[in-house]
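# Results of the structural survey
The residues making up each chain are set out below.
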Amino acid sequence: MNLGSAWLLNSTNGEGGQSRLDTRLAPLGAMAAAGPLASRPGVLPGSADGREIVTGLAVATDGTGMSTRVGPGRAVVQGAAAAGAYPVHLPEPAGITFADGDPGNPRVDLVVVRIYDDQQDASGKTGAFIEIVPGVPGAKAVAPPVPPASLALAEVTVKTGASAGTGGLDWRTGAVRDRRQATVAAGGIIPADRGPGFNGAYPGQYRDNGTGLQRWNGKEWQDLRPTWQSYTPQWGAEIGDQPKLGNGRVTGRYLKEGPQVQFYAALYIDTTTNWGTAKNSNWYLTLPFAPSLAMPGTFRARTGPNGGAYYFGGCHLFRTSPGQRIQGLPAGTGIARSWSCPAPDGKATGDWVDATHPATPQPGSWYEVWGTYEVDA
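Read on for an overview of the structure.

What counts, and at which threshold
Residues numbered from 1 in each chain as written. Predicted model: local features only at pLDDT ≥ 70, side-chain atom pairs only at ≥ 80, totals over all residues. Heavy atoms only, no water. Helix = DSSP H or I, 4+ residues; strand = E, 2+ residues; numbered from the N terminus. Rg over C-alpha atoms; globule rule 2.2 N^0.38 Å. Contact = heavy atoms within 4.5 Å. Areas by Shrake-Rupley, 256 points an atom, 1.4 Å probe, with all protein chains shown as cover. Lys, Arg positive; Asp, Glu negative; His and termini not counted. Charge placed at Lys NZ, Arg CZ, Asp CG, Glu CD. Polar contact = N/O pair within 3.5 Å; in protein donor to acceptor, adjacent residues only side chain to side chain. Pairing = 2+ DSSP bridges. Axes fitted to C-alpha atoms, helices over the stretch in contact; angles between N-to-C directions. Core = buried A, V, L, I, M, F, W, Y, C linked by side-chain atoms within 4.5 Å. Buried < 20%, exposed > 50% of the residue type's maximum accessible area, 1.4 Å probe, protein only. Salt bridge = Lys/Arg side-chain N within 4 Å of Asp/Glu carboxyl O.

### So, the overall build of the chain
When its secondary structure is counted, the chain shows two helices and 22 strands. What you see for the chain is a C-alpha radius of gyration of 30 Å, clearly larger than the 21 Å of a compact globule of 377 residues, by over 25%. Each principal axis of the C-alpha distribution contributes one length, and for the chain these read about 95 × 50 × 40 Å. Within the chain, contacts between residues separated by at least 24 positions form 62% of all contacts whose residues are at least 6 apart in sequence. With an accessible surface of roughly 18,900 Å², the chain has 51% of that area assigned to carbon and sulfur atoms. Counting 31 positive and 30 negative side-chain charges, the chain places the centres of these two groups 4 Å from one another.

Written as structure tokens, this is what we have:
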């Protein structure tokens, strides 16, 4: 079935021209940019009950035999940049039928909205169509490339030997893989993408990643309401042999909002951890980002024999530099170093936390550092 289009074809054109219905249903106006002349292709988002991001032009997963249907919807298909974008609509479901399966191997077909424009592609026809692009059968079959001036809707796996007489495709058990992506008007917020991540087209563009809003800053997407992220800190010593984690572990979490970072990092000692013997070796854990300014942080530990004791103190959030290097770390690395706490008898001391202070580690000992610091914008 032909899709309706809205690119001002004459009524005398062999494809029937643009109707008043086409003009009302097709998405007109400037769409989200993908370049100076190009628009982001995709299906317009929305659902009747507001529960789903994209419902238009869905390939149904309840087909029978070798046939299914594509649901109504509206979309924009980008041709070559100089050719512009093509607004289309499908006012009612369109049936599609897949060719029988290969006798020896499965294949993956691609369902697309495809544009033919004789003025641009010398195809001899002009119009918008739902098409099935057949894949190549193989033991590890993959979908074919998306043709020019086309918008992918779904991949459909055609199993070996499939036919209407053998029960058709496995519609309800994963034959269809959704490939639709959403697009919106210029300046609109692009909904969570169904495909791979994409770069923004200009600084100040917004998208919804499924959990919150992000803004493109010209280099990367930044969370407007950041969430805590995990990272793996590195444990080391400024003096003497480097400790070895063995079956111990390190964990880290951070929240970055603009130039401010909140972090938490922890070291857990276990049976094969080698913490060394050098006195005042000054342990550290690396930070998720290097501070722009040296700042204080907080330290806590439970260590020592007989279950250990609790120790509270501070640490130094620091950025290594060419003139003040830490062994094993390149310049510009952020670290939480100079862990300090009272001695076991409660008296102040000038020793840094390590294998000898405040007490010799035991399996089960743990050390924590956390704080807030500033980073370069």
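What follows continues from the structure just given.
### Some remarks on the side chain of Ser47
As for its position among the elements, Ser47 is in the loop between strand 2 (42-43) and strand 3 (67-70). Reaching out from Ser47, the side chain makes a polar contact with the backbone nitrogen of Gly50 at a distance of 3.1 Å. Polar side-chain contacts of Ser47 include one of 3.2 Å to the backbone nitrogen of Arg51. Beyond its immediate stretch of four places on either side in the chain, Ser47 contacts Glu52 and Thr55.

### Some thoughts on the sheet that holds strand 12 (residues 213-216)
Here three strands make up an open sheet; going across it, the order is 11-12-13 and the pairing antiparallel. If you trace the sheet from one side to the other, it starts and ends with strand 11 (206-208) and strand 13 (221-223), each paired once. When the angles between neighbouring strand axes are averaged without regard to direction, this sheet yields 35 degrees. By the bridge criterion, three bridges tie strand 12 to strand 13 in an arrangement that is antiparallel. If you follow Gln214 over to strand 13, its bridge partner there is Asp223.

### Section: the environment of Asp178
Of note, Asp178 is situated in strand 10 (residues 176-178). Between the C-alpha atoms of Asp178 and Trp366, which are 188 residues apart in sequence, the distance is 46 Å. A polar side-chain atom of Asp178 sits 2.8 Å from a polar atom in the side chain of Arg180.

### Description of the nonpolar core
Judged by nonpolar contacts, the single largest core of 31 residues is most densely connected at Val70, Val88, Phe98, Val111, Val113 and Leu153. Counting only elements with at least two residues in this core, the list comes to strand 4 (73-78), strand 5 (85-90), strand 6 (94-97), strand 7 (107-116), strand 8 (127-133) and strand 9 (150-158). The dominant element in this core, judged by the number of residues it contributes, is strand 9, at five residues. Ignoring sequence-local partners within four residues, the contact set of Val111 consists of Val59, Val70, Ile96, Phe98, Ile130, Glu131, Ile132, Leu151, Ala152, Leu153, Ala154 and Val156. Formed by 28 residues, the second largest nonpolar core is a distinct cluster that contains Trp235, Val261, Leu287 and Tyr373.

### A few points about the pattern of salt bridges
Here the structure, examined in full by the defined rule, presents 12 salt bridges. Two residues, Arg107 and Asp109, come together in a salt bridge whose shortest N-O distance is 2.8 Å. In this pair, the class of Arg107 matches that of Asp109, namely buried. One salt bridge connects Arg180 with Asp178, and the closest N-O pair in it is separated by 2.8 Å. By relative accessible area, Arg180 is classed as buried at 5%. Residue classification places Asp178 among the partly exposed residues on the basis of a relative accessible area of 29%. By sharing partners, the salt bridges in this structure join Glu155, Arg177 and Arg179 into a single network.

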